[in-house]
Structures are given as C-alpha cells and as structure tokens.
Amino acid sequence: MSGKFITLEGGEGAGKSTVLEVVRVRLASRGLDVVVTREPGGTAFGEAVRAIVLDPARRDITAESELLLMFAARAQLVREVIQPALAAGRWALSDRFTDASYAYQGGGRGQPRARIAELEDWAALIKPDLTLLLDLPVAEGLARVGARGHADRIELESGDFFERVRAAYRERAAAEPARFRVIDASQPVAVVRGAACAIIDAYVDSVEAVA
Ligand code: Z5A
C-alpha cells in the first residue's frame, strides 16, 4: 500500500496536539509506519523559521514576509521529510500544513488567495490526502490557550483575526468535502478523540479496500 499524507488543522486551542497522538497510535495499530511532523517546523531549518515567526518580540514581520517564511519552512519539510516518507511507503501525519496558510495568511492577514495558490504549486508540491479540521468557537479556543499564561506572536492577534481564520478554514472544508472531515472540537476530549479514531479507521479501511 502506498503512503498517505494526513493533516490536522484548526484554530488556537482546538486540540490538535491532543488529537495528534491518538491519531498516530491509531494508525500504528493498523500496522502503518507513521512519520509525525508539524508546521512551521519539522526540520532543523523549519524549527529555526518557527522560532522567528512565533517570537512575540518580532512585531516587524510583514504579512508578505510571514507568508514566505511559512512556505520556506514547508518547501524544506516536503522535500526533506514528507516526500521521502511517502516514497518509502510510510504515512505522514502533520500538525498543520498549507490549509493553515490559506486560513491565517489568507483569511487572517488578507493575503490574496491566488498568491498562496501559486506558492502552493511550486513550493509545497503536495496536498494532503485527508485533513481533520478541529472546529471550535474562537472565544473557547482563546480561553483554552489563555490559560497557559503566555502567547506567541500570532496568538497576540485580535478576536476578529481569529474569526477570519475560522471562516477561511470552514470555507476550505466546504469546498473540498472529499478531503476534509470536520470535528466539533467543543465536545469533551474523549468524544473528540473518539471521532478522530472513527475517521481514521474509516479512511484506512477505504485505502485498504482499493490496495
Ligand atoms: N501558522 C500560520 O500562521 N501559517 C501556517 O502556514 C502555519 C502555521 C503552518 C503555530 O503555532 C502557529 O503558526 C499557529 C498558526 C501559525 N498560530 N498560532 N499561534 P503552534 O503550533 O504553537 O500553535 P497551534 O497550532 O495554534 O496549537 P495550540 O495553540 O497549542 O493548540 P492545539 O494544539 O490545537 O491545542 P492543544 O494544545 O491540544 O489544546 C489546547 C488546550 O486545550 C490544552 O490545555 C488542552 O488540554 C485543552 N483541550 C484540548 N481539547 C479539549 C477539549 N475537547 N475540551 C477541553 N479542553 C481541551
């Protein structure tokens, strides 16, 4: 069976980190060899970019620079980690990918969709096979991350910014129903985890059925 690429997306505090581990374990229990990564990050170069873009002291970064930095990290991650994994028949699981650029830099910052699509074509190269979108009211997500007591550069944005991010994610999910599965992330953790496992089981079954 050839490797598949699965991504987790959602706004602040939606529970991606919480769900990531349960998805990884579920895939492994199906006998799949899984590479787990995150964005921005996942490579030495990408983690260096992450430190810059999330640094709350870097108030000077322009919307254009931010978009290019996200794709610089992504170009490296795809070529260094994801493509080699898929080529070897492994599965790749990423905490965020290009949909986050459409949501944050497109929806949040107002960067033109066509510009992001162009970058996607030549820098990202690949699209996820399956994307789990953890959807949560903005206020609830911000309350969850606010409990941490520290905010990164993007978390310092306004509620309006995160409403635009959420709307952009939901728009993308509606436009690509075959790839997206939307989970109501306001449900208790156990329910969200159960929903993620059911989606993964059904997806792996469907892949095995055509293999
Ligand atoms: N970004 C971008 O702008 N453009 C891009 O192209 C890419 C990324 C790829 C990455 O930061 C930032 O980069 C991100 C988008 C931007 N924006 N910011 N900031 P990150 O990876 O550090 O942050 P994050 O992706 O937003 O993750 P997060 O804030 O840590 O949230 P999360 O992983 O989705 O949630 P969590 O850590 O699993 O849960 C948060 C808390 O809620 C925690 O205490 C949990 O115990 C609790 N939780 C989780 N689920 C539940 C439920 N169901 N009920 C109650 N409580 C829950």
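Throughout, a residue's number is its position along its own chain's written sequence, starting from 1. Note on the predicted model: pLDDT of at least 70 is required for a residue's local features to be given, and 80 or more for side-chain atom pairs to be given and counted; whole-chain, interface and lining totals, by contrast, use all residues. Hydrogens are left out, water is left out, and the side-chain values use all remaining heavy atoms of the structure.

1. As for helix 8 (residues 189-210)
Runs of E in the DSSP output that reach at least two residues are strands. Runs of H or I that reach at least four are helices, and both are numbered from the N terminus. For a helix, the expected span equals 1.5 Å multiplied by the number of residues minus one. Taking 1.5 Å per residue, 22 residues should reach 32 Å; helix 8 reaches 32 Å between its end C-alpha atoms and fits that length. The set of residues buried in helix 8 consists of Val192, Ala196, Cys197, Ile199, Ile200, Asp201, Tyr203, Val204 and Val207. Of the surrounding elements, those touching the buried residues of helix 8 are strand 1 (5-10), helix 1 (16-29), strand 3 (91-95), strand 4 (130-135) and strand 5 (180-184). Only protein chains enter the area calculation, which uses a 1.4 Å probe; residues under 20% of their type maximum are buried, those over 50% are exposed, and those in between are partly exposed. Only heavy atoms enter the contact rule, under which two residues are in contact if any of them lie within 4.5 Å.

2. Remarks on the site of the ligand
Here a residue counts as near a molecule or strand whenever at least one of its heavy atoms sits within 4 Å of it. The environment of the ligand is formed by 29 residues, the closest being Lys16, Ser17, Thr18, Ser101 and Arg148. Between the ligand and the protein, one listed contact pairs a nitrogen atom with a side-chain N or O atom of Gln105 at 2.8 Å. Using a 1.4 Å probe, the Shrake-Rupley method yields the accessible areas, and only the shown protein chains count as cover for residues. Burial of the ligand by the surrounding chains reaches 81%, relative to a free accessible area of 1,100 Å². No other element matches helix 4 (residues 98-108), which puts 4 residues into the shell around the ligand. Among the residues making up the shell around the ligand, the classes are represented as 12 nonpolar, 7 polar and 10 charged. Polar contact criterion, stated in full: a pair of N or O atoms within 3.5 Å, where within protein one must be able to donate a hydrogen and the other to accept it, and residues adjacent in sequence count only if both atoms are side-chain atoms. Polar here means any residue outside two lists: the nonpolar Ala, Val, Leu, Ile, Met, Phe, Trp, Tyr, Cys and Pro, and the charged Asp, Glu, Lys and Arg; Gly therefore counts as polar.

3. Re the sheet that holds strand 2 (residues 34-38)
Pairing between the strands of a sheet comes from backbone hydrogen bonds, and it takes one of two forms, parallel or antiparallel. The strand order 2-3-1-4-5 describes an open sheet built from 5 strands, whose pairing is parallel. Looking at the sheet topology across the chains shown, the edges are occupied by strand 2 and strand 5. Along the sheet, successive strands turn relative to each other by an average axial angle of 20 degrees, direction set aside. Strand pairing requires that DSSP identify at least two bridges connecting the strands. Where strand 2 and strand 3 come together, 5 bridges link them in parallel fashion. Paired with Val36 across the strands is Leu93, a residue of strand 3. Across the sheet, helix 7 (residues 159-175) lies against strand 1, strand 4 and strand 5, angled at about 140 degrees from strand 4, the strand it touches most. For helices, the fitted axis covers only the stretch in contact; all axes are lines through C-alpha atoms, and the angles between them, taken along N-to-C directions, range from 0 to 180 degrees.

4. Observations concerning the packing of helix 4 against helix 5 (residues 113-124)
Interaxial distance between helix 4 and helix 5 falls to 10 Å at its minimum, and their mutual angle equals 155 degrees. Considering the angle they form, helix 4 stands roughly antiparallel to helix 5. You can see that helix 4 and helix 5 cross each other, and the crossing is right-handed. Here Thr98, Ser101, Tyr102, Gln105 and Gly106 of helix 4 come into contact with helix 5, specifically with Arg113, Ile116, Ala117, Glu120 and Ala124. Residue composition of the contact of helix 4 with helix 5, grouped by class: 4 nonpolar, 4 polar and 2 charged. Our angle categories are set so that under 35 degrees counts as roughly parallel, over 145 as roughly antiparallel, 65 to 115 as roughly perpendicular, and the remainder as oblique. Note on convention: the crossing is left-handed when the near helix lies turned anticlockwise from the far helix by less than a right angle, right-handed when the turn is clockwise.

5. Looking at the pattern of salt bridges
In the sections that follow, a salt bridge refers to a side-chain nitrogen of Lys or Arg positioned within 4 Å of a carboxyl oxygen of Asp or Glu. Taken as a whole, this structure holds 22 salt bridges when the rule is applied. Residue Asp60 pairs with Arg58 through a salt bridge whose shortest N-O separation is 2.9 Å. Since its relative accessible area comes to 52%, Asp60 is described here as exposed. Between Arg109 and Glu157 there is a salt bridge, with its nearest N and O atoms 2.8 Å apart. Of this pair, Arg109 sits in the loop between helix 4 and helix 5 while Glu157 is found in the loop between helix 6 (138-146) and helix 7, placing the two residues 48 residues apart along the sequence. Each of Arg26, Arg30, Asp201, Asp205 and Glu208 takes part in salt bridges that share partners, so that together they form one network.

Keep in mind these values describe shape, not function.
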